[in-house]
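# Descriptive analysis of the structure
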Amino acid sequence: MINDFDFLQARSLTEALDILSANSDVLAIAGGTNVMVNMKRAPLETECLLDLSKLDELKTISEENNCIRLGAGVTFSHLLNWKPGGVIEDLMQPMCRAFAGPLIRNLATVGGNVCDASAAADLTPVLVALDASVELQSASDGIRTLNLVDFLQGVRKTARRKDELLTAITFSRPDADDCCFYYKLGKRKADAISIVSLAMIVKLEKDKVASSRISLGAVAPVAIRATTAEKILQGAILNDETIRACTEAAISDSSPIDDFRAGGDYRRQMVGVLVEKGLNAINNA
Amino acid sequence: MNTKTLNFSLNGLAESIEVTPRTRLLDALRSNLQLTGTKEGCGTGDCGSCTVLLDGNAVNSCMVAALQVEGCEVTTIEGVGKPGNLHPVQQAMVQEGGIQCGFCTPGMVMSLKSLFDEQTNPDEETVRVAISSNLCRCTGYTKIIEAARALGAGEVNADKAINKNGALGSRMTRIDAEQKVTGRAVYAEDVQLPRMIYGVVLRSPHAHAKILSIDTSEAEQIAGVKAIVSARDTEMDYFGYELQDYRVFAVDKVRFRGEPVAAVAATTIDIARHAASKIRIDYEELPAVFDPEEAMTDDAPLVHDDCSAYALDWETERSGNLCYRLEIDDGDIEKGFAEADEIIEAEYETPEAHPGSIEPHSSTAMPDANGRITVWTTTQKPFAFRSFLAKALKRPVSTFKVIPTQIGGGFGGKLFPCLEPYAVLLAERADRPVQMTLTREEEMYGTLLRHPAKVKLKTGVKKDGTLVAHSVRMLFNTGAFGLYGPNTAALASLMATGPYRIPNVSITGLVTYTNNVPCGSVRCPGGPQMAFAVEAHIDKIARTINMDPLALRLKNAWEDGDYTCSGQKLESVSMKECLQKAANAIDWDKPRQLGEGKGIAANWWVSGTWGTQSLIESNEDGTFRLITGTVDMGPGGLNSSVLQLAAQGLGVPVDSITLVQGDTDSMPWDHGTGGSRMTFTIGKSAFEAAEDIKQQLLEEAARDLEASVNDLELVKDRVQVQGDPDSHVLLSKLCYQRHKKHGGPMVGVSSVLDDPTPTTKKHPVGGFPAASFCAHAVELSVDDSTGEIDLKRYAAVHDVGNAINPTGCEGQIEGGVAMGLGMALMEEIREDKGRVMNPGFADYLLLTAEDMPPTQTILVEQPAVEGPFGIKGVGEPPTAPPTGAVANALVDALDLDVTRLPLTPEEVSARIRIRQS
Ligand SMILES: Cc1cc2nc3c(=O)[nH]c(=O)nc-3n(C[C@H](O)[C@H](O)[C@H](O)COP(=O)(O)OP(=O)(O)OC[C@H]3O[C@@H](n4cnc5c(N)ncnc54)[C@H](O)[C@@H]3O)c2cc1C
Ligand code: FES
Ligand code: FES
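All values derive from a computational prediction rather than experimental measurement.

Calculation notes
Residues numbered from 1 in each chain as written. Chains lettered and ligands numbered in written order. Predicted model: local features only at pLDDT ≥ 70, side-chain atom pairs only at ≥ 80, totals over all residues. Heavy atoms only, no water. Helix = DSSP H or I, 4+ residues; strand = E, 2+ residues; numbered from the N terminus. Rg over C-alpha atoms; globule rule 2.2 N^0.38 Å. Buried < 20%, exposed > 50% of the residue type's maximum accessible area, 1.4 Å probe, protein only. Contact = heavy atoms within 4.5 Å. Lys, Arg positive; Asp, Glu negative; His and termini not counted. Charge placed at Lys NZ, Arg CZ, Asp CG, Glu CD. Salt bridge = Lys/Arg side-chain N within 4 Å of Asp/Glu carboxyl O. Axes fitted to C-alpha atoms, helices over the stretch in contact; angles between N-to-C directions. Parallel < 35°, antiparallel > 145°, perpendicular 65-115°, else oblique. Left-handed = near helix turned anticlockwise from the far one by under 90°. Nonpolar A, V, L, I, M, F, W, Y, C, P; charged D, E, K, R; others polar. Pairing = 2+ DSSP bridges. Buried area = accessible area lost by both parts, 1.4 Å probe. Polar contact = N/O pair within 3.5 Å; in protein donor to acceptor, adjacent residues only side chain to side chain. Domains from an automatic or database assignment. Near = heavy atom within 4 Å. Areas by Shrake-Rupley, 256 points an atom, 1.4 Å probe, with all protein chains shown as cover.

Our next topic: the overall build of chain B. Looking only at helices and strands, one finds 24 helices and 36 strands in chain B. Taken against the 2.2 N^0.38 rule, which gives 29 Å for 917 residues, the C-alpha radius of gyration of chain B at 28 Å falls within 12% of a compact globule. Dimensions of chain B along its principal axes, counting C-alpha atoms only, are 80 × 75 × 60 Å. Relative to its full complement of 917 residues, chain B shows a buried share of 67%. Counted over contacts in chain B with a minimum sequence separation of 6, partners at least 24 positions apart contribute 77%. Distance from the positive charge centre (85 side chains) to the negative charge centre (123 side chains) of chain B: 2 Å.

Quick look at the structure:
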């Protein structure tokens, strides 16, 4: 028979967590921009939808002691209008502008993007570059914090337990003189799915790279750190030779699939091209 | 399913309704509350036609579960403005002509309203971003962006928004603008009938397979299922246009993935889908063929056992998987090549594309007690659909009454019935109304697509640029059925030389069957394919002989008295003027920056096909009714320029003529809309019918005024003696007298005949009246590291003969440019062994408002020799040149070999690598 499911709207985080711990088969819905698409394509396999959209406590952005906290329910429109300055703004703004279109941005939440764990998700590379963590909360165990790279386990697979909600994403504010670069490569100017996306933060001391975080989207099951590439940069002078070596390393760090959206070869090449673009931009800034 | 009460505020009023957890906000509005102004183009968040305001923010109502809006404020198009009392955003859209088919319009208005609620004068970039979630297939966004600009600049006012001046050449507002901009226009899926149930088609999961058995017993047991039909219990015959090779259900074997095998109706769409999944069909898979070249080899699997057995109106050689073959020769090709200084050869390839109407197909059928069936549907051809149904289901034509609804875009995609037969069969079986709507996914493989083409060109040229020989091999992959294959090849052959004079020509056209999704007749069939091949080739020739591509075109462009390949003598040829104007518009001669390029492409097309008949009847108060059996699929010709021509013929103000929209029972027969025939053919007959009734009015008045007809003139609402306005009689009096005496109206009639245009050669489609000419030019920049193309500016020059309604002409051109640019840059149906890999607007990409370049539209008005008024058709041609223009600009920028579309970053990048190696 056609599956029948229930719908519950949580009025508080506590209520939401109680519902999750009392029922084993609950699907959270926040902005709905993944859930509703899935429901259109095939019957939803769940006993209950739990609506998080009324949880105002998840919709705030705050900063304390240089630590930023994005509530899971913050929408991409909210994020686009947020002006934190510095590297955060320089990464978040172009990412948000390239994220879907304005209608979806008004609904889609940061928590949904992270929990949906799509390979082509656009927020996660930025968060990985910011070395973000996620806050998971359950009625039984309270809050636990996981590094985002540990949370993302594979395509549509996360470390979230069924009774947990993702409540926030946290990361430290990078230093004011850190450099950064963001690029999303898609097939059209608005509302395009990423072929490759890149977020990088580079700390330069004099003319040497003190540290860097390079994150790539859509070229592996989850957003990854290009660790070999980062190692090459460590302590190096940003010259053509370093850039070339780093580019090669980033390509080998990636493991893109070949599909109708783009060939694996092209994606790999573009990893190189974007990393090179980024390092050149940082070098010339 | 369990229902729950939802309380929210809708357009300022409290609402309380019962919905299920599955109900989307969109369904709650459309079904529960019967507010059908909010549209569903995709259901997956990709098109924006369902846009509403949720607590003031524009969102997709298909992405929101109804129960999520508990306690929220929702504003829909119905809450924004009403006819007669439009919101400023709506006034702006009407004033600037931002409305065509109207299907995207409510969503567009909501997005713009939300923008203008926050800012009073947004810049162009902000406007483009604000509407970038709202896809429009008709307008190319240009006039919508202009509407926002005008509103921001304070140039919109309620009095001026609607232009009622119906003079020829006036930018008269189309008469359906207000109902569309307010969401009041009724489209096929908006039809709601008592006791209506919902149907779905069950489609083949295989590209090629034998049907061993069909077992519907389990599905029949499901509560709510009211009817199931398949080939087993349906009387069927082959049907189609020139070629009749299609049946409603697959019999014995399926030939493509998506072919209908059964249909189910149930009380809800979910039950119908569930039941369809419980129909057990045993298949035995057969070897399949997907590549058109491979299909022509001897050992290829046969898609049809004997394709030559199908009825085809044209003579051809058919066998194996060869559906159609066409040969046209002119001059002496060998001699031509012998005279050439250079011979340039290349093969070009264009992908399968989708018409891309935002409105999906939807049909509703209702049987009556007399055995007749009424069908509401979104169709470009109500009368042809009646005949199709009759032929397909072996019934008399009189069985069916087809009521055309508003059409949310056609583009050739609504020329062939893809739901109507199933709705009819299910409605009969269930004995109640059945509505069927394709999902966006089914749209992508359950309807007819644009033919993918491979075009081999070999051209001989002299050093001075004179083209002397041109051999063409066109190969069209028509998929599993050849419905429009022959016609596409025939039309394409007319474009095979481009608009150029070449004395020695040899053209071969091949159409092959494969196990792909079948193709149809999409806007300008064959045009974009040939414009890409020929125009890219012309540039290649120019590079080879080191000549400016514009100069090469100007040297060979047709002039008055030149002949097409079918031997039609051309008149009123404006090709050179179009080319020169397009080039000037993008400063052709100014040098390019690094990474920038300019490209130009020319094309020609035919105007108007088939005859038609129009009637104009008097009303008893001296107003009139224009009656034509055709429909407007969005361009607006019927809703503006045809009326303007009728008013011109009569001499009355345009608003004293009502356009009668009816059904196949009440309207005169007509071929329907397509082939750029609306203003050219229908407009002409409306004008002549108007002249006819005017003559009768003058004669009636002559008796009344005791004057000679020759001394009388019709002025607005009266007939008067020339030079003596005091001696007059009002039309209202004349008509009233006439109605009273004859017991009926005065009727003006006109038939425009389908007289063949003379040609010197035998050709399946021969010649067409009023050839039209166009040239497009584009300036772009390209990132040679990623392959991303950025269009800087675009110019489209079209000779429309006489712009009866310039706004309408420009709208056609801008929309056609967007469609052509889509094919140039991103549109492509990707099939993998017959499975469409990108069935939806998330991966089948149409241009968004951010992608559409600033576009200058230039109208040339060199009147056609065929009267009246020298009109040339403009509906289809703008779709063709963008493919060539963009390819050429890219080559200009990077010196590449471009032979394939679309020019995605990946394709461009691949071409750059080929050049580098
Ligand atoms: C037209 C369109 C365009 C898009 N474009 C982009 C794009 O450019 N880039 C991109 O990255 N994505 C894009 N997406 C995907 C989608 O919008 C994003 O992934 C979005 O961030 C999902 O957020 P949501 O709130 O809508 O998620 P929902 O659909 O509500 O939820 C998504 C998943 O996360 C779970 N979930 C949500 N919140 C929580 C929580 N707090 N705790 C635990 N689980 C939770 C849900 O159970 C569900 O499994 C697009 C989608 C559409 C329809
Ligand atoms: S119907 Fe909602 S976005 Fe297309
Ligand atoms: S008017 Fe926009 S889709 Fe037709």
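Let's shift gears to the pattern of salt bridges. Under the definition given, this model contains 71 salt bridges over all chains. Here Glu810 of chain B makes a salt bridge to Arg171 of chain B, at a shortest N to O gap of 2.8 Å. Here Glu810 of chain B is found in helix α22 (residues 806–825), whereas its partner Arg171 of chain B is found in the loop between α6 (158–161) and α7 (177–181), with 639 residues between them in sequence. For Arg900 of chain B, the salt bridge identified is with Glu907 of chain B, shortest N-O distance 3.2 Å. Judged by relative accessible area, Glu907 of chain B falls into the buried class, the value being 9%. When salt bridges that share partners are traced, they join Asp141, Arg144, Arg161, Asp163 and Glu164 of chain A into one network.

When two helices pack together, their arrangement is captured by the angle between the axes and the distance separating the axes. Residue and element names in this part refer to chain B. Put simply, helix α19 (residues 641–650) and helix α20 (residues 678–705) touch, their axes get as near as 7 Å, and they point 25 degrees apart. Taken as axis vectors, α19 and α20 run roughly parallel relative to one another. In terms of crossing hand, the pair formed by α19 and α20 is right-handed. Of the residues in α20, those in contact with Ser641, Val642, Leu645, Ala646, Gln648, Gly649 and Leu650 of α19 are Met678, Thr679, Ile682, Gly683, Lys684, Ala686, Phe687, Ala690, Glu691, Ile693, Lys694 and Leu697. The residue inventory of the contact of α19 with α20, partitioned by class, reads 11 nonpolar, five polar and three charged.

The strands making up a sheet associate through backbone hydrogen bonding, with each pair oriented either parallel or antiparallel. Residues and elements named next belong to chain B. Pairing in this open sheet of five strands is mixed, and the strands run β2-β1-β5-β3-β4 from one edge to the other. At either end of the open sheet lies a strand with only one pairing partner, and these are β2 (13–19) and β4 (57–60). Neighbour-to-neighbour, the strand axes of this sheet turn through a mean angle of 40 degrees, independent of strand direction. Where strand β3 (residues 51–54) meets strand β5 (residues 73–75), two bridges bridge the pair, whose relative direction is antiparallel. Following the sheet pairing, Leu53 is matched in β5 by Thr75.

What follows deals with the interface of chain A and chain B. Taken together, the contacts link 49 residues of chain A with 58 residues of chain B. Both sides of the chain A and chain B interface together cover about 4500 Å² of buried area, and 56% of this is carbon and sulfur. Per-residue buried area on chain A facing chain B is highest for Leu103, Arg188 and Phe260 of chain A; these three make up 17% of the total on that side. Our count for the contact surface shared by chain A and chain B stands at five salt bridges. Two residues, Lys277 of chain A and Asp783 of chain B, come together in a salt bridge whose shortest N-O distance is 2.6 Å. The interface formed by chain A and chain B includes 22 residue pairs in polar contact (both at pLDDT 80 or more). Sorting the residues of the side of chain A that touches chain B by element identifies β1 (6–9), α2 (35–41), β3 (48–51), α5 (102–105), β11 (179–185) and α11 (264–284) of chain A as the ones contributing at least two each. With six residues, the top contributor of residues to the side of chain A that touches chain B is α11 of chain A. For the side of chain A that touches chain B, a count of residues per class yields 25 nonpolar, 11 polar and 13 charged.

Let us now look at the domain arrangement of chain B. Residues and elements named next belong to chain B. Along its sequence, chain B is carved into domain 1 (4–79), domain 2 (88–185), domain 3 (197–286 + 361–437), domain 4 (453–608 + 760–916) and domain 5 (612–752). A C-alpha centroid distance of 38 Å is found between domain 2 and domain 3. At the junction of the two partners, domain 2 supplies seven residues and domain 3 supplies five residues. For the pair domain 2 and domain 3, the summed buried surface comes to about 410 Å²; carbon and sulfur atoms form 67% of the total. Counting every contact that joins domain 2 to domain 3 gives zero residue pairs in polar contact (both at pLDDT 80 or more). Here the side of domain 2 that touches domain 3 is composed, by residue class, of four nonpolar, one polar and two charged.

With that settled, the discussion passes to the site of ligand 1. Residue and element names in this part refer to chain A. As a structural note, the neighbourhood of ligand 1 is formed by 35 residues, with Ala28, Ala30, Gly31, Thr33 and Thr109 the closest of them. The separation between an oxygen atom of ligand 1 and a polar side-chain atom of Asn34 is 2.8 Å. For ligand 1, a nitrogen atom lies 2.7 Å from a polar atom in the side chain of Asp122. Protein contacts shield 91% of the accessible area of ligand 1, which totals 970 Å² for the unbound molecule. Sorting the residues of the shell around ligand 1 by element identifies β2 (26–29), α2, α6 (110–116) and β10 (165–172) as the ones contributing at least two each. Among the residues making up the shell around ligand 1, the classes are represented as 20 nonpolar, nine polar and six charged.

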